[in-house]
Amino acid sequence: MTHNDIGHVYNLDKTQTETLKTCWITLLERISKESSISIDEITSSPEGDALFRSIGYDNPDIFMLRWLRARKWDVDGAVQQLIDTLNWRHERGVDELLAKGENELLIEEVMSGKAYFMGYDKIGRPINYIHVKDHIKDQFPIEATEKLGILTVETDQKLLKGSVETGTAILDMNGFGMNNMDYQLVKFFINLFESYYPESLGLALIIHSPLIFYSCWAIIKHWVDPVIQNKIHFLKHEEELFEFIDPSNLPKRLHGTHPDYKYIPPTTEDNNMLAAFRADKQGRKIVRAAHRKAARHYLNVTLKWAHGDESETLIEERKQATKQLRDTFEEFVPYIHTRTHYHRMGLINEPIFDTAYEKLRHRNEMKIVQF
């Protein structure tokens, strides 16, 4: 799905636009009421902080529309699901996971190559490859694998480019056996996409399915929402992948031309950078305050728009507020995220890490000279 599809940010009819406005009003009133704070204070609340960290680089309207489409434009249902998501992110420690990144995962599981991103499909969706035979049930603690899954979905959001809003998953069932069948983990991922990352999956292709897996699928499909079921396709022949993906974006193990996945561990510079940002309490305080100020301005402008002000001046102000929100979040990123394998291999481009690190080093050097 893209920004231009029906029901997406650049293709809303009048009813959908009004529903989006109502959703913003309802969400902010709900957070304000449950937190016993004014709307101006929302950005300083745990819920408001979680909301705008979740939005990240995204346009907030695009973010909000995910929940509205998932709940079939039911405002109360969308707001409740979003509130539940913010609470879940707190309970699961998603922000802490993002702050520690791959350091929070089991390196043996990361290196197994059972799940990774590689390139984009022909529509421009980032591709997550999953080789099921490389997942052995109970080989690693379920909590560790769930963390890997959450970080993977969060990484997918950074891989989105242009107007594309969803990703593609390739499930390679070659070599599948019942020791690979993990119903608990399957339920976790179904709930993850349906409840906490709605409208994130664009396409799922299943290849090399042995007969034994179809009996498993007969159970699994009853847990999957029909909307997601319609995005899942079983391919009879590996060559059918070429209809969706150029061989240059397929790993050699699937007869593509891209080198197979090999994990690139953090460099000394990565570790030094992480330590420097975590030690820079004052710098974090400054960029966090700037992001919250931008979020507060965005909410104030959005509420005016939602309550009926559609003047050209306000529309432009909201557009600029959206840009400012993104820009201040980018400055915040080095303090709350880490570089990953995908940064080191060049799939994710976030120059802010290098830019902010150079500024920090220069500032520290100046302190030493002054001392």
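Definitions and cut-offs
- Residues numbered from 1 in each chain as written.
- Predicted model: local features only at pLDDT ≥ 70, side-chain atom pairs only at ≥ 80, totals over all residues.
- Heavy atoms only, no water.
- Domains from an automatic or database assignment.
- Contact = heavy atoms within 4.5 Å.
- Buried area = accessible area lost by both parts, 1.4 Å probe.
- Salt bridge = Lys/Arg side-chain N within 4 Å of Asp/Glu carboxyl O.
- Polar contact = N/O pair within 3.5 Å; in protein donor to acceptor, adjacent residues only side chain to side chain.
- Helix = DSSP H or I, 4+ residues; strand = E, 2+ residues; numbered from the N terminus.
- Nonpolar A, V, L, I, M, F, W, Y, C, P; charged D, E, K, R; others polar.
- Axes fitted to C-alpha atoms, helices over the stretch in contact; angles between N-to-C directions.
- Parallel < 35°, antiparallel > 145°, perpendicular 65-115°, else oblique.
- UniProt positions renumbered as here; feature names shortened; annotations may be inferred.
- Phe/Tyr/Trp six-rings, centres within 6.5 Å; stacked < 30°, edge-to-face > 60°.
- Buried < 20%, exposed > 50% of the residue type's maximum accessible area, 1.4 Å probe, protein only.
- Lys NZ or Arg CZ within 6 Å of the ring centre and 35° of its normal.
- Expected span 1.5 Å × (residues − 1).
- 1 Å grid on protein atoms, 1.4 Å probe; cavity = no way out; pocket = protein on both sides within 12 Å on 5 of 7 lines; lining within 4 Å.
- Points joined across faces, edges and corners; volume = space filled by probe spheres on them.
- Core = buried A, V, L, I, M, F, W, Y, C linked by side-chain atoms within 4.5 Å.
- Right-handed = clockwise from strand over helix to strand, strands pointing away.
- Pairing = 2+ DSSP bridges.

Enquirer: Could you clarify how one ought to interpret the domain arrangement of the protein in this entry?
Expert: How big an interface is tends to be reported as the loss of accessible area on association of its parts. According to the domain assignment, the protein contains domain 1 (1–92), domain 2 (114–254) and domain 3 (266–370). Computed from C-alpha coordinates alone, the two centres of domain 1 and domain 2 are separated by 26 Å. On the side of domain 2, 21 residues touch domain 1, which itself brings 17 residues to the contact. Between domain 1 and domain 2, roughly 1,600 Å² of surface is buried when both sides are summed, and carbon and sulfur atoms account for 48% of that area. Three residues, Met1, Arg66 and Trp88, lead the burial of domain 1 against domain 2; their summed loss comes to 39% of the area buried on that side. In this structure, the salt-bridge partner of Glu199 is Arg69, at a minimum N-O distance of 2.9 Å. Our enumeration of links across domain 1 and domain 2 arrives at 15 residue pairs in polar contact (both at pLDDT 80 or more). Breaking the side of domain 1 that touches domain 2 down by element, the ones donating at least two residues are α3 (60–70) and α4 (75–92). Sorting elements by how many residues they give to the side of domain 1 that touches domain 2 places α4 first, with six residues. Tallied by class, residues from the side of domain 1 that touches domain 2 come to six nonpolar, five polar and six charged.

Enquirer: Whenever I open this one, the packing of α4 against helix α8 (residues 183–196) confuses me. Can you help?
Expert: Two numbers describe a pair of packed helices, the interaxial angle and the distance between the axes. α8 packs onto α4 with a crossing angle of 130° between their chain directions and a minimal axis gap of 10 Å. What the angle tells us is that α4 and α8 run oblique. Where α4 approaches α8, its residues Gln81, Asp84, Thr85, Trp88 and Arg92 are matched on the opposing element by Phe188, Leu192, Glu194, Ser195 and Tyr196. Across the contact of α4 with α8, the residue classes break down as four nonpolar, three polar and three charged.

Enquirer: Got a minute to help me understand the UniProt feature "domain: CRAL-TRIO" (unreviewed entry) in the protein in this structure?
Expert: The UniProt entry lists residues 117–262 under the feature "domain: CRAL-TRIO" (unreviewed entry), expressed in the numbering used here. Each end of residues 117–262 is marked by a C-alpha atom, and these two atoms are 11 Å apart; helix forms 32% of the span and strand 18%.

Enquirer: I would appreciate a short explanation of the packing of aromatic side chains in the present structure.
Expert: Think of a pair of aromatic rings as described by two things: how far the centres are apart, and how the planes are tilted against each other in angle. What the rule picks out here adds up to 16 aromatic pairs. Measuring from ring centre to ring centre gives 5.7 Å for Phe117 and Tyr342, while their planes differ by 80°; the resulting arrangement is edge-to-face. Taken together, the residues Phe117 in strand β1 (residues 115–120) and Tyr342 in helix α14 (residues 341–344) connect sequence positions 225 residues apart. The exposure class of Phe117 is buried, given its relative accessible area of 3%. Note on Tyr183 and Trp223: the rings are 5.9 Å apart at their centroids and 80° apart in plane angle, and the pair reads as edge-to-face. With Tyr183 in helix α8 and Trp223 in the loop between α9 (211–220) and α10 (226–229), the pair connects residues that are 40 residues apart, well separated along the chain. Classification of Trp223 as partly exposed rests on a relative accessible area of 28%. In this structure an aromatic cluster arises from ring pairing among Phe176, Phe213, Tyr214, Trp217 and Phe234. The lysine or arginine in question, Lys187, covers the ring of Trp223, its NZ or CZ lying 4.7 Å from the ring centre. Sitting over the ring of Trp305, Arg318 keeps its end group 3.9 Å from the ring centre.

Enquirer: When you look at α4 in this model, what are you seeing that I'm missing?
Expert: One full turn of an α-helix is made of 3.6 residues, so residues set three or four places apart face in the same direction. When the terminal C-alpha atoms of α4 are compared, their 25 Å separation across 18 residues agrees well with the 26 Å that a helix rising 1.5 Å per residue should span. Residues of α4 that are buried include every one of Val75, Gly77, Ala78, Val79, Gln81, Leu82, Ile83, Thr85, Leu86, Trp88 and Arg89, and no others. Summarising the contacts, the buried residues of α4 are in contact with α1 (14–35), α2 (46–55), α3, α5 (94–100), α7 (142–159) and α8.

Enquirer: For this particular structure, what's the right way to read empty space enclosed by the protein?
Expert: This structure, assessed with the given rule, holds five cavities of 30 Å³ or more. Lining of the largest cavity is provided by 39 residues; of these, Ile130, Leu171, Val186, Phe189 and Phe193 occupy positions nearest its centre. Elements supplying a minimum of two residues to the lining of the largest cavity: β1, β2 (126–131), α7, β3 (167–172), α8, β4 (201–207) and α9. In terms of residue count, the dominant contributor to the lining of the largest cavity is α7 (six residues).

Enquirer: Looking at this model, I keep getting lost on the nonpolar core. Mind explaining?
Expert: Nonpolar side chains in soluble globular proteins tend to end up buried together. Of all hydrophobic cores here, the largest spans 37 residues; its most connected members are Tyr129, Ile150, Ile170, Leu192, Tyr197 and Leu241. Elements supplying a minimum of two residues to this core: α5, β1, β2, α7, α8 and β4. In terms of residue count, the dominant contributor to this core is α7 (six residues). When residues of this core are assigned to domains, at least three map to each of domain 2 (114–254) and domain 3 (266–370). Excluding anything up to four places from it in sequence, Tyr129 contacts Lys114, Ala115, Tyr116, Met118, Ile170, Ile245, Asn249, Leu250, Pro251 and Leu254. Core analysis: the next-biggest nonpolar cluster, separate from the first, contains 36 residues, Ile42, Phe52, Trp305 and Ala306 among them.

Enquirer: Please explain the pairing of β3 as it appears in this structure.
Expert: In the case of a regular strand, side chains alternate between the two sheet surfaces. For β3, the tally of buried residues reaches five of six residues, placing the bulk of the element in the interior. Assessed by its sense of winding, the connection that carries the chain from β2 through α7 to β3 is right-handed. Across six bridges, the pairing between β3 and β4 is parallel. Considered in β4, the bridge of Gly167 is made with Leu201. Remark: the β3/α8/β4 crossover connection has right-handed handedness.

Enquirer: When you look at the pattern of salt bridges in this model, what are you seeing that I'm missing?
Expert: Opposite charge on two side chains lets them pair, provided their charged atoms get close. Enumeration according to the criterion identifies 29 salt bridges in this entry. Note that Arg53 is salt-bridged to Asp95, the shortest N-O span being 4.0 Å. Of this pair, Arg53 sits in helix α2 while Asp95 sits in helix α5, and the two are 42 residues apart along the sequence. Across the pair, Asp95 and Arg53 agree in class, each one buried. A salt bridge links Asp95 to Arg89, with the shortest nitrogen-to-oxygen separation between them at 3.9 Å. We note that Asp95, like Arg89, is buried. By sharing partners, the salt bridges in this structure join Asp49, Arg53, Arg89, Asp95, Glu154 and Arg292 into a single network.

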